[in-house]
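# Examination of the molecular architecture
If you want the building blocks of each chain, they are given just below.
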Amino acid sequence: MPLYKALTIAGSDSSGGAGIQADLTTFQERGVYGMSAVTTIVAMDPYHNWFHNVFPVDVETVRKQLDTSVVGVGIDAVKTGMLGSPAIIELAAQVIEKHRLKNVVIDPVMVCKGTDETEELQPENTKSLREVLVPKATVVTPNLFEAARLSQMPPIQSVDDMKEAAAKIHELGAQYVLVKGGSKLDAVDILYDGNKYEVLESEKIETTYTHGAGCTYSAAITAELAKGRSVMEAVKTAKAFITSAIKHSFRLNEYVGAVNRSAYREHGEG
Ligand SMILES: Nc1ncnc2c1ncn2[C@@H]1O[C@H](COP(=O)(O)OP(=O)(O)O)[C@@H](O)[C@H]1O
Ligand SMILES: Cc1ncc(COP(=O)(O)O)c(C=O)c1O
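Residues numbered from 1 in each chain as written. Chains lettered and ligands numbered in written order. Predicted model: local features only at pLDDT ≥ 70, side-chain atom pairs only at ≥ 80, totals over all residues.

Looking now at the overall build of the protein. Broken down by element type, the protein carries 9 helices and 11 strands. The C-alpha radius of gyration computed for the protein amounts to 17 Å, which stays within 12% of the reference 18 Å derived for 270 residues, consistent with globular compactness. For the protein, the spread of C-alpha atoms along the three principal axes comes to 50 × 45 × 45 Å. Buried residues in the protein amount to 51% of all 270 residues. (Helix = DSSP H or I, 4+ residues; strand = E, 2+ residues; numbered from the N terminus. Rg over C-alpha atoms; globule rule 2.2 N^0.38 Å. Buried ≥ 20, exposed ≤ 12 C-beta atoms within 10 Å, placed from the backbone.)

Here you go:
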């Protein structure tokens, strides 16, 4: 069997549900070898309402990690998650450009579930994401909040708004835009390639245990692209994978529940 390799450039989620922990376990579930460059460390405060503290890693340390996988090993696909600072966003864009990386999935993480989702964690990153990194994406995967920020639209409230946002984000230079409706818009996602809107639907699951959903979804897309699948095939497989992971999600504590990345292997789509 050929060995397919994927890289995640993302934050570490100390609670294990999202971030690089989600990405590497998803790569494993999808049969792809995973490597990582840690950009930030997120710690949740168990004494103060699960408050998220974000500790950035310095740019040179990120650069050395990227050299390890990109130059030292070689990769078939890459995804970015929480990047921590404009300097790290720019570094990721430079590495993609310099090494002509293919199969680039940009998950433009701006908020964490379990926090107030109207509160953007690092607003200074949005400008760099729009201008520097999104244009390099094979696929960019914003949720509703992130799609509004990237498209500079007011809050997104309908599937038509999602389509409008997808078109505006496509104009930034991304090849495909995947806007995720999530629990607010009936788990409908819109995939736009500049010509056609594909509507991806799944059953909406009544749960708040969705920590790690976005990371897991974009990591599954990345793994499928690493194996040579088309964007459409990759997104369809990843949608089935994340729907099963949400269906079988579990409680971590009084604040949060995480998606279950072994669910698709254990239960299929059921
Ligand atoms: N309650 C739910 N039931 C089914 N699918 C969901 C639910 N919530 C989110 N999803 C789906 O999970 C994937 C990740 O989306 P979302 O949770 O919006 O990402 P993020 O973690 O970036 O906010 C998308 O396909 C979305 O439509
Ligand atoms: C390091 C890191 N990346 C990404 C996220 C976003 O996670 P989700 O997949 O739930 O949107 C979080 C949320 O806590 C995080 O801690």
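So, next bit.
Next up on the list: the packing of helix H2 (residues 59-71) against helix H3 (residues 86-98). The packing of two helices is summarised by the inter-axis angle and the distance between the axes. Between H2 and H3, whose axes approach to 10 Å, the crossing angle comes to 25 degrees. Of the possible angle classes, the one that applies to H2 and H3 is roughly parallel. Here H2 and H3 pass one another in a crossing that is right-handed. Along the contact surface, H2 presents Val-59, Val-62, Arg-63, Leu-66 and Val-70, while H3 presents Ala-87, Ile-88, Leu-91 and Val-95. Per-class residue counts for the contact of H2 with H3 are 8 nonpolar, no polar and 1 charged. (Axes fitted to C-alpha atoms, helices over the stretch in contact; angles between N-to-C directions. Parallel < 35°, antiparallel > 145°, perpendicular 65-115°, else oblique. Left-handed = near helix turned anticlockwise from the far one by under 90°. Contact = placed C-beta atoms within 7 Å. Nonpolar A, V, L, I, M, F, W, Y, C, P; charged D, E, K, R; others polar.)

Take H2 next. In this model, H2 (13 residues) spans 17 Å end to end at C-alpha, consistent with the 18 Å of a helix rising 1.5 Å per residue. Along H2, the positions that sit buried rather than exposed are Val-62, Leu-66, Ser-69 and Val-70. Buried residues of H2, viewed axially, fall in a sector of 85 degrees; they line one side. Facing away from the buried surface of H2 by more than 90 degrees, the exposed residues are Glu-60, Lys-64, Asp-67 and Val-71. Where the residues of H2 are buried, they touch strand S1 (5-13), strand S2 (33-45) and H3. (Expected span 1.5 Å × (residues − 1). Arc of directions from axis to C-beta.)

In short, the description is geometric, and any link to function would need to be established separately.
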